[in-house]
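Topology and contacts: notes
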Amino acid sequence: MVVLRLDSLALSRSRFALSPFAETLAAVVQLARPHADPWAAPWWERHRPAFLARLAGDGYARGLVDLVAATKYLPDHLTLPPGGGMETGLDAELAEVARVPDEVAVAGLRAAQAHAWAGQRLDWLTGRGHGVRAAELFREVWDAHLAADWPARRAALRRDVTHRAGLLAAHGWPRALHLMNRTSAWVGTDAIRFSDRPGRDRVVGSDGMLFVPVTAQRSSWLCEAPGRPFAMVYPARGTGDGGAGGGRAGDGRALARLLGGGRAQILRDLDTPATTSELALLLGQSVGTVGGHLAILRDTGLVDRTRLGRRVLYHRTALGDRLVAGPGAESD
């Protein structure tokens, strides 16, 4: 079992962050696998043929992608903790990967192979400049498969951070960190169980640690590097069926017949509070259209709004929760 131990100072300095590179790494793993999670199937089907075509003529890229999709231990040079503020730019993250010395990259790749499914070979691991080659590949993946979707993905990630920040303010870190991934849990008064697989405990320093959401629902890993805070990558709520946010009752058709498709979708998506503009990005609709739907949902008592600084967040009311849960759901 891998446990992260934090004292009160480390907790007080821990924070959330977004990482375009972590989002790209999670996407690489998704695209490499032969089957898509149901929630990601449309994106996977659109992008996988071009992704595989890119790998077909590059043995190094093919080998690296196959390895990260098959291992329980991601290579160290691909799991550097993000730096800076709430959101580190992709250029800065790629530059860090490119600067990793070859000996560090090769050691991490060999460790990843030792934890991979049977049959993973390293005969493609030749030459030098492993950090640079990885950075170039990830830049291509970002440009071809993620850049256009990043505003909507970022909105989903910010919604998760807003939700957990609200839990943190109201209830403390144990509640904010609840079910970040399938195995994480608060242990005692000063520790987070990150994984139930064998591994050594980590002691989080006085700088605290970072919590980094990604949209891929089966993605979770620990980032560490000498002299840097640990970072825990976890699946954001509300970005896929079966994620930490929980499933939705039924198939939604009855709710759509009652409210109309657009308003029903918004009500379901408010599992996590969101602003009008965030919902517009997620749904691919105009701010005016979403605002009109929200006004009707608010007038009927299904949603309400709360101001958080300069942002106005919409959230479901208890009545809205019961309507989304469907017949037979228990009420408080």
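What this report covers is the structure whose coordinates are included nearby. What you are looking at is a predicted structure, and each value in this text was computed from that prediction instead of being measured.

What follows deals with the overall build of the chain. For the chain, the helix and strand inventory stands at 14 helices and 10 strands. Overall, the chain is about 65 × 50 × 35 Å in size when its C-alpha atoms are taken along their principal axes. Here the chain holds 332 residues, and 47% of them are scored as buried. Just so you have it, the chain exposes about 15800 Å², and 53% of that area is on carbon and sulfur atoms. Of the side-chain charges in the chain, 41 are positive and 34 negative, and the distance between the mean point of each set is 3 Å.

This next bit is on the nonpolar core. Among the nonpolar cores identified, the biggest contains 72 residues, and L64, L78, M209 and F211 are the most heavily contacted of them. It is helix α2 (residues 20–32) that contributes the most residues to this core, nine residues altogether. For M209, the residues in contact, after removing those within four places along its chain, are L4, L6, A10, S14, R15, I192, V204, P229, F230 and M232. Counting 16 residues, the second largest nonpolar core, distinct from the first, contains I266, L279, L297 and Y314.

Scoring rules and cut-offs
- Residues numbered from 1 in each chain as written.
- Predicted model: local features only at pLDDT ≥ 70, side-chain atom pairs only at ≥ 80, totals over all residues.
- Heavy atoms only, no water.
- Helix = DSSP H or I, 4+ residues; strand = E, 2+ residues; numbered from the N terminus.
- Buried < 20%, exposed > 50% of the residue type's maximum accessible area, 1.4 Å probe, protein only.
- Areas by Shrake-Rupley, 256 points an atom, 1.4 Å probe, with all protein chains shown as cover.
- Lys, Arg positive; Asp, Glu negative; His and termini not counted.
- Charge placed at Lys NZ, Arg CZ, Asp CG, Glu CD.
- Core = buried A, V, L, I, M, F, W, Y, C linked by side-chain atoms within 4.5 Å.
- Contact = heavy atoms within 4.5 Å.

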